[in-house]
Amino acid sequence: MTPQDSIFLLASRFAERGDWTLEQQFILQMGSSYLLAHGIGTPLAGDAVTTFDVREEGDYTLLVRTKNWIRPWSDGPAPGIFQVVIDGRADAETFGSGPDDRWYWQKGGKHHLTAGEHRIALHDLTGFDGRCDALILTRTEEVPDDSLETYRAIREALLGVEPVEDLGPFDLVVVGGGIAGECAAVSAARLGAKVALLQDRYVLGGNNSSEVRVGLGGRINLPPYGALGYMLNEIGPEYGGNARGAHRYEDARKMRVVEAEPNVTLLLGCCVVGAEMDGDRIVAVEAVDAATQRRIRVTGRLFSDCTGDASLAVMAGAETMSGRESRSAFGESLAPEVADDLHMGGSIEWYCEDHNVPSTFPDTVDWGLFLDETTVEPVHRANWYWEVGMRYDPISEAEKMRDYGMYVAYSTFSYCKNRYSAKEDWECTELVWVSHVIGKRESRRIVGDHVLTQGDILKRVPYEDGSASLSWNIDQHLPKPKNSKDFPGHEWLSDGHLTPVTPYAIPYRCFYSKDVRNLFMAGRDISVTHIALGSTRVMRTCGMIGEVVGMAASLCTKHGVWPRDIYTTRLEELKALMRKGAGRTDVQYNQFYTLIDNTAKQIESI
Ligand SMILES: Cc1cc2nc3c(=O)[nH]c(=O)nc-3n(C[C@H](O)[C@H](O)[C@H](O)COP(=O)(O)OP(=O)(O)OC[C@H]3O[C@@H](n4cnc5c(N)ncnc54)[C@H](O)[C@@H]3O)c2cc1C
């Protein structure tokens, strides 16, 4: 295919998206952002529409890059289907109905197109998450193979090589705008560093944003550095709880705190896809704009991986850990005898509301999860223990993990509404919100100069570089045994196993890579074992870790040194900053909820 005989259209660049949702969570896996028909079972009213120019009149074959997302669990009819309408006439093919769950080129019909402008639309048929990344109109008979390499090559051949916009240099480049990344950026900026904060979504807060809706947990303002945590209080919402109304997560508050910092350049919708190295140092990151898919290059002296997934560290060649370490690897009695790939899963949060008028929901019996009276979980809201993908690869199978979370949500609600023995109780219940963003607990952890272990935490081993304090019980999630029996390999419910802790100061050496000289990390991807992550992963702790990383980055900037040097030669200066804190103390204190871990109770509302 060449630009002379073929036209390439990216769905994310359509002039109008209508009611389709821009989806950019899986750029690293499938190579693009795409449009998603997330209508929660109601076909989208608004089509995504754009125009395109045809240079030469002729018969053009339509090819659509799409995916049948239910295939891993069902051979039934594809629920996520849509039409492509060209100049008002729908192609005869229904898209999204492929034989497996790969992203693939589905062939449509031939369209006679005259030279000049034409209109093309994506018309959703079901509201069940049909998806479209790209379309080709070609006068050739070629259908590209489905590999990512071929996709990238064809896209470049037909769209050309995009120019790269250069930004920087910055003192610190923070990748990932969850709670940890936001605190790292603001802390460094307040202490004089020039910071870029790249966040692949359009809101800040990661799992605590209104997109994922997980409440903050853990304690702040703990000894030995009681001033750490006021920054979290600035950005943290007033209310806790999972899967509640969007307003309770206060996206605007998180945005205001960053926007008030003149030293922070906030780059929203920018997904980091590559690292440029000079020996053992990162010199720049390359990012893709989710909407336009144009590229930017951001240079800096220091970097912080706050992606949760350790994505930047892997791009830079740093060592990471994943899965469960063996009991003997770090002398942890809570660890399994033999190492394995099991990890804590992700969650798709959802909830329904009771109204005073009856409503309907499609019966998913032909394609949904097989449920009966003994396996259904008839609740009105997902909570933390609705946990999927504990046996899926949390990086390469992230989209499958997200899709399974939605699959379980739709199947459960549909069962309660249409087939449950007590379905009359559900007559006026409506499924009002299902997140399409997977909240993850665990994927990869970056190896630092110290790896925090169960022994450190439970024996409270004192280290001179002890910094932010953890406080959450060691909270291990395992598949719920009955759910494992009912859905082997594809569990969707978990149990929490708690080991009590006393607040403990995490060594600073867990916050920088042992391999990449200028790489910090903050959040759930710090240097800890799987067991220790059971405590460190909660967001108030992640926020304080970010605050410390920002302080260390400011010292590296001031003295022209690297993260490790702060431990070896400048620890007293870091301690002085930690004693002061980088947060404001004149903001009303509101962090009173979910201070301790009560998840093992599997309560539905906290
Ligand atoms: C259902 C559920 C319940 C939980 N319960 C609690 C609880 O009660 N209390 C609690 O405190 N914690 C809880 N957790 C754990 C907690 O939410 C996570 O451990 C925490 O969010 C980790 O914070 P983080 O900043 O490291 O990562 P995240 O919150 O995941 O933020 C990382 C951010 O980086 C962005 N990003 C990722 N890759 C890139 C890239 N390549 N380029 C640019 N940006 C990128 C992501 O979009 C994201 O916004 C729960 C988690 C789940 C899923």
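I will try to describe carefully the structure that is included in this document. (Residues numbered from 1 in each chain as written. Predicted model: local features only at pLDDT ≥ 70, side-chain atom pairs only at ≥ 80, totals over all residues. Heavy atoms only, no water.)

To continue, consider the overall build of the protein chain. When helices and strands are tallied, the protein chain shows 14 helices and 27 strands. Radius of gyration (C-alpha) of the protein chain: 25 Å, near the 25 Å computed for a compact globule of 606 residues. Along the three orthogonal principal directions, the C-alpha set of the protein chain runs to about 75 × 60 × 50 Å. The buried share of the protein chain, reckoned over its 606 residues, is 63%. By element, 49% of the accessible surface of the protein chain is carried by carbon and sulfur atoms, the whole surface being about 22,000 Å². Side-chain charges of the protein chain comprise 62 positive and 86 negative groups, with the mean position of each set lying 5 Å from the other. (Helix = DSSP H or I, 4+ residues; strand = E, 2+ residues; numbered from the N terminus. Rg over C-alpha atoms; globule rule 2.2 N^0.38 Å. Buried < 20%, exposed > 50% of the residue type's maximum accessible area, 1.4 Å probe, protein only. Areas by Shrake-Rupley, 256 points an atom, 1.4 Å probe, with all protein chains shown as cover. Lys, Arg positive; Asp, Glu negative; His and termini not counted. Charge placed at Lys NZ, Arg CZ, Asp CG, Glu CD.)

Once that is clear, we can look at the site of the ligand. Near the ligand lie 32 residues; those nearest to it are Asp200, Asn207, Gly217, Arg537 and Met539. Measuring from an oxygen atom of the ligand, one finds a backbone N or O atom of Gly217 at 2.8 Å. Of the residues forming the shell around the ligand, the biggest block, three residues, is contributed by strand β14 (residues 270-278). Split by residue class, the shell around the ligand holds 14 nonpolar, twelve polar and six charged. (Near = heavy atom within 4 Å. Polar contact = N/O pair within 3.5 Å; in protein donor to acceptor, adjacent residues only side chain to side chain. Nonpolar A, V, L, I, M, F, W, Y, C, P; charged D, E, K, R; others polar.)

What follows covers helix α14 (residues 571-580). For α14, every residue scored as buried is listed here: Leu571, Leu574, Lys575, Leu577 and Met578. Across the axial projection of α14, the buried residues extend over an arc of 160°, all falling on one side. Turned more than 90 degrees away from the buried face of α14 sit Glu572, Arg579 and Lys580, all of them exposed. Where α14 is buried, its residues meet β23 (466-470), α12 (539-559) and α13 (563-569). Looking at the residues trailing α14, positive phi occurs at Gly581, about 75°. (Arc of directions from axis to C-beta. Contact = heavy atoms within 4.5 Å.)

On to the side chain of Glu442, then. You can see Glu442 is positioned in the loop between β21 (439-440) and β22 (444-446). Of the polar contacts made by the side chain of Glu442, one reaches the backbone nitrogen of Met344; its length is 2.8 Å. Engagement of the side chain of Glu442 in a polar contact is seen with the side chain of His530, the distance being 2.7 Å.

Below, the discussion takes up empty space enclosed by the protein. Summed over all chains, the structure comprises two cavities of 30 Å³ or more. Taken as a whole, the largest cavity encloses approximately 50 Å³ of empty space. In this structure, the largest cavity is lined by Ile348, Trp350, Trp386, Glu387, Val388, Gly405, Val408, Ala409 and Trp492. For the lining of the largest cavity, the element with the most residues is helix α8 (residues 398-418), which contributes three residues. Of the residues belonging to the lining of the largest cavity, the class tally is seven nonpolar, one polar and one charged. (1 Å grid on protein atoms, 1.4 Å probe; cavity = no way out; pocket = protein on both sides within 12 Å on 5 of 7 lines; lining within 4 Å. Points joined across faces, edges and corners; volume = space filled by probe spheres on them.)

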